[in-house]
Amino acid sequence: MSIICERFDSLGLGDPSATVRLGIMGGTFDPIHIGHLACAEQARVAHGLDAVVFIPTGVQPFKRDKKVTDAAMRFEMCRLACASNPHFDVSSIEIDREGETYTVDTLRQLRAHYPDNVHFYFITGADAMLSIVKWRDSALIADLAHLIAVTRPGYVMTDEAKEELAAHADFDVSYLETTALSVSSSMLREWVGCGKSIRYLTSLAVHDYILARGLYA
Ligand code: ATP
Ligand code: MG
């Protein structure tokens with residue numbers, strides 16, 4: 001069987017009648033920051049998730065022209081950030097896949113790996129949720145996972161947007177208000193670039209990794 005991640009590979013294998021809830025948090029994570037971590041943790045508790053797996057993207061169709069940090073480094077930063085939380089882990093399945101990254105392929109791969117009693121909860125910022133209807137096979141995504149849309153500072157999901165989402169596919173969406181952490185990876189990259197401190201805006205281990213490698217400088 002293929003490996004999804006170290007900590008949660010055999011999820012659901014015990015009692016087949018016991019439901020296991022797996023949160024899935026996709027992103028570029030260039031770098032991972034407290035906004036990602038806090039929203040995953042709050043979604044975990046709010047929805048009783050047993051585990052959350054962070055899945056850094058490989059080649060993204062929407063970000064093809066943008067310069068993105070080497071996948072192995074983005075993976076390593078996620079690994080460092082997840083290490084201290086036994087409910088978190090990171091998976092390289094999108095990085096290892098050839099070609100462009102599509103969420104539906106990731107969910108299919110997870111579905112093929114885990115038994116049916118493992119239910120998927122795809123966690124995403126409300127801003128990213130708006131573009132989900134444009135994703136390839138969005139109806140299939142809706143079949144494979146519940147969606148948790150977390151609010152994020154600066155991105156308010158209007159009723160119109162929610163209606164648009166509902167009209168496009170049979171999405172099972174829960175909206176979750178999380179603490180407003182006004183951080184983004186782009187902000188962290190920019191701050192490092194101009195010599196500002198990003199300490200406490202990501203985990204200390206990730207902070208140290210970025211500085212030691214001279215990333216974003
Ligand atoms: P960039 O600035 O490069 O776009 P980002 O901070 O948006 O990076 P991504 O890796 O693009 O990070 O985001 C991954 C997921 O995390 C997306 O679903 C996004 O909406 C969500 N997210 C990012 N920042 C926050 C935040 N501060 N609070 C809640 N969710 C967030
Ligand atoms: Mg983003």
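This text follows the structure it describes.
Per chain, residue numbering runs from 1 following the sequence as it is written. Written order decides the labels, with chains lettered from A and ligands numbered from 1. At least 70 in pLDDT is required for a residue's local features to be given in this predicted model, at least 80 for side-chain atom pairs to be given and counted, and no such filter applies to totals for whole chains, interfaces and linings, which use all residues. As a rule here, side-chain values come from all non-hydrogen atoms in the structure, and water together with hydrogens is ignored.

Caption draft 1: Fine view of the overall build of the chain. In terms of helices and strands, the chain carries nine helices and six strands. Two things to know: the radius of gyration comes from C-alpha atoms, and the globule rule equals 2.2 Å times the number of residues to the power 0.38. A compact globule built from 217 residues would reach a C-alpha radius of gyration of about 17 Å, and the chain, at 17 Å, matches this within 12%. In terms of overall dimensions, the chain has C-alpha extents of about 50 × 40 × 35 Å along its principal axes. Each residue's exposure class comes from its accessible area (1.4 Å probe, protein chains only) as a fraction of the maximum for that residue type: buried when under 20%, exposed when over 50%, partly exposed otherwise. Across the 217 residues of the chain, 47% fall into the buried class. Within the chain, residue pairs in contact and separated by at least 24 positions form 78% of the contacts whose partners lie at least 6 positions apart. Surface accessibility in these figures is a Shrake-Rupley result with a 1.4 Å probe; residues are shielded only by whichever protein chains are displayed. Entry remark: accessible area of the chain is about 10,800 Å², with carbon and sulfur atoms responsible for 52%. Helix numbering and strand numbering both begin at the N terminus, where a helix is a DSSP run of H or I of at least 4 residues and a strand a DSSP run of E of at least 2. Contacts are residue-level and defined by heavy atoms, with any inter-residue pair within 4.5 Å sufficient.

Caption draft 2: Representation of the pairing of strand β5 (residues 146-150). When you tally the buried positions in β5, you get four out of five residues, the bulk of the element. Paired strands, as defined in this entry, are two strands with at least two bridges between them according to DSSP. Judged from the five bridges that link them, strand β4 (residues 118-125) and β5 form a sheet pairing that is parallel. Residue pairing for β5: Thr-124 is matched across the bridge by Ala-149. Bridging between β5 and strand β6 (residues 173-176) involves four bridges; their strand directions are parallel. Across the sheet, the residue bridging to Ala-149 is Tyr-175, located in β6.

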